[in-house]
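Remarks on the overall topology
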Amino acid sequence: MSSNVCKHCTHAACLDVCPTGALFRTEFGTVVVQDDVCNGCGYCVAACPFGVIERRSGPAGARDIGIAQKCTLCYDRLGAGLEPACAKACPTDSIQFGDLDELRERADARVRRLRDDGVEGARLYGHDPEDGVSGTGAFFLLLDEPEVYGLPPDPVVTTRDLPHMFNRAGMAGLALLAGAALAFVGGAPVSGTTAERPDAVGRSAAGGRPDAAGPGGQGRAGRRRTHGGETAMVPPAEFTSYYGRQVVKPAPWKGEIPAYMFAGGLAAGSSLLAAGADLTGREALRRSGRLTALGALGFSMVALVHDLGRPERFLNMMRTVKVTSPMSVGTWILALYGPPAGVAAAAEVAGMVLPRSTAAPLRLLAAAGRPAGVIAGVLAPPVAAYTAVLLSDTATPSWHEAYRELPFVFCGSAAAAAGGLAGAIVPAGQAGPARRLAVGAGSAVGDDAGARLELESACRAFERLGAAADLAGARSELRRFAPAAVVSGLTQREVEVLRLVATGRTNRAIAAELFLSEKTVARHLSSIFAKLDVPSRAAATVYAYEHGLV
Ligand code: SF4
Ligand code: SF4
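Residues numbered from 1 in each chain as written. Chains lettered and ligands numbered in written order. Predicted model: local features only at pLDDT ≥ 70, side-chain atom pairs only at ≥ 80, totals over all residues. Heavy atoms only, no water.

Helix and strand content of the chain: 22 helices and six strands. Classification of the 550 residues of the chain by burial places 48% in the buried group. Relative to all contacts within the chain whose residues are 6 or more apart in sequence, the contacts with residues 24 or more apart total 68%. Of the roughly 25700 Å² of accessible surface on the chain, a fraction of 59% belongs to carbon and sulfur atoms. (Helix = DSSP H or I, 4+ residues; strand = E, 2+ residues; numbered from the N terminus. Buried < 20%, exposed > 50% of the residue type's maximum accessible area, 1.4 Å probe, protein only. Contact = heavy atoms within 4.5 Å. Areas by Shrake-Rupley, 256 points an atom, 1.4 Å probe, with all protein chains shown as cover.)

Attention now moves to the site of ligand 2. Around ligand 2, a shell composed of Cys18, Pro19, Thr20, Ala22, Leu23, Cys38, Asn39, Gly40, Cys41, Gly42, Cys44 and Ala68 is seen. Looking at side-chain class alone, the shell around ligand 2 contains eight nonpolar, four polar and no charged residues. (Near = heavy atom within 4 Å. Nonpolar A, V, L, I, M, F, W, Y, C, P; charged D, E, K, R; others polar.)

What follows concerns the site of ligand 1. Close contacts around ligand 1 come from 13 residues, with Cys6, Lys7, Cys9, Cys14 and Cys48 the closest. When grouped by side-chain class, the residues that make up the shell around ligand 1 number 10 nonpolar, one polar and two charged.

It is worth spelling out the nonpolar core at this point. Counting 95 residues, the largest nonpolar core has Leu23, Trp253, Tyr260 and Tyr337 as the members making the most contacts within it. Counting contributing residues, this core receives three or more from each of domain 1 (13–149) and domain 2 (158–200 + 255–482). Setting aside residues up to four positions removed in sequence, Tyr260 forms contacts with Ser300, Met301, Ala303, Leu304, Leu334, Tyr386 and Thr387. Ranked by size, the runner-up nonpolar core spans 19 residues in total, among them Leu490, Ala502, Ile528 and Tyr543. (Core = buried A, V, L, I, M, F, W, Y, C linked by side-chain atoms within 4.5 Å. Domains from an automatic or database assignment.)

Structurally, Thr541 is set in helix α22 (residues 537–546). By relative accessible area, Thr541 is classed as buried at 18%.

Glancing now at the environment of Ser526. Assignment of secondary structure puts Ser526 in helix α21 (residues 518–532). For the pair Ser526 and Ser536, spaced 10 residues apart in the sequence, the C-alpha separation amounts to 9.5 Å.

Next up on the list: the packing of helix α11 (residues 326–353) against helix α12 (residues 360–392). Across the interface, α11 lies against α12 with an axial gap of 6 Å and an inter-helix angle of 150 degrees. Regarding the angle of α11 to α12, the classification is roughly antiparallel. Once α11 is placed against α12, the crossing between them reads as left-handed. Across the contact of α11 with α12, the residue classes break down as 27 nonpolar, three polar and no charged. (Axes fitted to C-alpha atoms, helices over the stretch in contact; angles between N-to-C directions. Parallel < 35°, antiparallel > 145°, perpendicular 65-115°, else oblique. Left-handed = near helix turned anticlockwise from the far one by under 90°.)

This part is about the packing of helix α6 (residues 162–184) against helix α14 (residues 406–425). It is at 8 Å that the axes of α6 and α14 come closest, and there the two elements cross at 25 degrees. With respect to α14, the element α6 is oriented roughly parallel. For α6 against α14, the interelement crossing comes out right-handed. The segment α6 lies against α14, with Arg168, Ala169, Met171, Ala172, Gly173, Ala175 and Leu176 engaging Pro407, Phe408, Cys411 and Ala415. Per-class residue counts for the contact of α6 with α14 are nine nonpolar, one polar and one charged.

This brings us to the pattern of salt bridges. Scanning the model with the defined rule gives 17 salt bridges in all. One salt bridge in this structure joins Glu145 and Arg123, with 3.5 Å as the shortest N-O distance. Remark: Arg123 occurs in strand β5 (residues 123–125) and Glu145 occurs in the loop between β6 (140–142) and α6; sequence separation between them is 22 residues. The class for Arg123 is partly exposed, based on a relative accessible area of 24%. For Glu348, the salt bridge is made with Arg287, and the minimal N-O distance between the two is 3.5 Å. (Salt bridge = Lys/Arg side-chain N within 4 Å of Asp/Glu carboxyl O.)

Considering the arrangement of structural elements, one finds Arg475 in helix α17 (residues 468–479). Arg475 gets classed as buried once you look at its relative accessible area, which sits at 8%. Each C-alpha atom of the pair Arg475 and Glu456 lies 8.2 Å from the other, and the pair is 19 residues apart in sequence.

Quick look at a nonpolar patch on the surface now. Residues Leu291, Val349, Met352, Val353 and Leu354 make up a contiguous nonpolar surface patch of about 420 Å² in total accessible area. At three residues, the largest contribution of residues to the nonpolar patch is made by α11. Look at Met352 and you get partly exposed, because its relative accessible area is 43%. (Patch = residues over 30% accessible without salt bridge, like charges linked within 9 Å, V, L, I, M, F, W, Y side chains within 5 Å.)

Of all the positions in α22, only Ala540, Thr541, Tyr543 and Ala544 are classed as buried. Within α22, the buried residues cover an arc of 160 degrees as seen down the axis, which keeps them to one side. Exposed residues pointing more than 90 degrees away from the buried face of α22 are listed as Ala538, Tyr545 and Glu546. (Arc of directions from axis to C-beta.)

Another point: the side chain of Thr292. Within the element layout of this structure, Thr292 appears in helix α9 (residues 283–308). Every residue in contact with Thr292, bar those within four places of it in the chain, is listed here: Leu266, Ser270 and Leu421.

For α9, built from 26 residues, the straight-helix expectation of 38 Å at 1.5 Å per residue is met to within 8% by its first-to-last C-alpha distance of 38 Å. Positive backbone phi, at 100 degrees, marks Gly309, one or two positions downstream of α9. (Expected span 1.5 Å × (residues − 1).)

Attention shifts here to the packing of aromatic side chains. The tally for this structure, following the rule as stated, stands at four aromatic pairs. For the ring pair Phe24 and Tyr75, a centre distance of 6.0 Å and an interplane angle of 75 degrees mean the geometry is edge-to-face. Taken together, the positions of Phe24 in strand β1 (residues 23–25) and Tyr75 in helix α3 (residues 75–79) put the pair 51 residues apart, joining distant regions of the chain. Relative accessible area serves as the criterion here: at 25%, Tyr75 is assigned to the partly exposed category. Consider the rings of Phe28 and Tyr75, whose centres lie 6.1 Å apart with planes at 75 degrees: the pair is edge-to-face. In this pair, Phe28 sits in the loop between β1 and β2 (31–33) while Tyr75 sits in helix α3, placing the two residues 47 residues apart along the sequence. (Phe/Tyr/Trp six-rings, centres within 6.5 Å; stacked < 30°, edge-to-face > 60°.)

In this section: the confidence of the model for the chain. Residue-level pLDDT values for the chain average 83, and 87% of them are 70 or greater. Counting contacts from residues 187–228, a segment whose pLDDT is below 50, to residues more than four positions away or on other chains yields 95 contacts. Low pLDDT (under 50) marks residues 441–451, which in the prediction has 32 contacts with non-local residues, meaning those over four places away or in another chain. (pLDDT = per-residue confidence, 0-100.)

Once that is clear, we can look at the environment of Cys48. Position of Cys48 relative to the elements: it lies in the loop between α2 (43–47) and β3 (54–55). Look at Cys48 and you get buried, because its relative accessible area is 8%. Linking Cys48 and Ala395, residues 347 residues apart in sequence, is a C-alpha distance of 6.2 Å. When sequence neighbours within four positions are dropped, the list of residues in contact with Cys48 reads Ile53 and Ala395.

Printed below as a string of structure tokens:
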């Protein structure tokens, strides 16, 4: 029989990541949850390498639903000078309590005795102060491998790699910032619907090879042998475990948390676009960026509070600042980012609703719009990147192992979501930077081929994890990109029409070749002219040659 109690780790991941300070180390060296401080975020559940902590479940409205629950080693009894109830009640003394060094000596002697009696597999688990959690306060005498009892063979405190995770997030955030800046480079300052210079369109992806390397080294990976399409030589593995128990508990988060992360990324990307648009005179892009940022931020907060169960639980995270907890760090990043994003959006709304008002508060708000928008833009990359650290700093193996790539995936996703949305709702004459941000952020991290940050990074993560099916899927998505066409926002049909225009075909010849009516070809042509911001067939032809479409 295996006891699945809290191990009271010397270096406890749950303690490190708790954003509220609800978990604390007692004077006895044990780790205990305070019911009244815990906000039910579930981070400790995802971080515990032994999977022993849970969120309390029960009927809606019942007391303390959702808060963390685990063995306290009977903190109240220890305080009263008593031994824990389990040790007291166990009739065979299988559970023993006492001074740790003394218990270790006693356990060593028992292991020696068992081995002398021929039990070769006898071993201690969790007794070694040099292991990945610096030893545990509750350790076990096992008769077989740890996996047989549903225990992880080599537990490691999840925060061990935290400095590297924050480093990678910093690099990804800088890449996003640089990608956003590059998206605006080359576009002439415009006002109203005045068009941008055509030579700026598609700059970040110019000359890109669809299969070239990005930050994730897809080019190198592409030359290596892939697993897609191989015939399996062994039958599918069947997973069995100790009484069906999972070794590591899955993170307790449901749909609200992915929604919170996605919306946060969208808000961050939109703030970057809005700041760039403001500084380069693109009014429509600025307006959409500011309003989208506030809307997405509001949605993300609602999703988070819904996951926590009660609004006031969010405030528990503001009672402490903890650099070992990405959730605490993220809370403070959001607290810094929210107000300027809100002021920028409010200035936008005030300008739309009362454009000619001379009231002092409105003039003040209008004047604050630009600095607030720029501050929100500067804080946006951390908003997009911290959630990747939050996921990586858990005991979920695939998330933890992907910590090098995950921030780039998240920042790429923020750029793609914000750029894609703005590209769809902002007039074509001002949407160039949005389209470039949507697909070209990879160029900011040194990829001369303008790779797509999110997909390239995902490919590298899947490769590292050996996730062959996911890798094949992501690579096939990458192959669907035609960089120049995507950056400029052309549809596949428009690319075909443009290619034929560039070869000197007339509308009638194109219609015949593509089995379209001449009227449809003319419609495609005017859309191409608008998207590329070119005035003539000759200019469209130049664009097509410059961007390798013919
Ligand atoms: S076993 Fe899990 S819950 Fe217990 S102290 Fe270690 S990390 Fe925390
Ligand atoms: S606040 Fe979150 S991390 Fe801390 S004990 Fe409660 S559920 Fe666990």
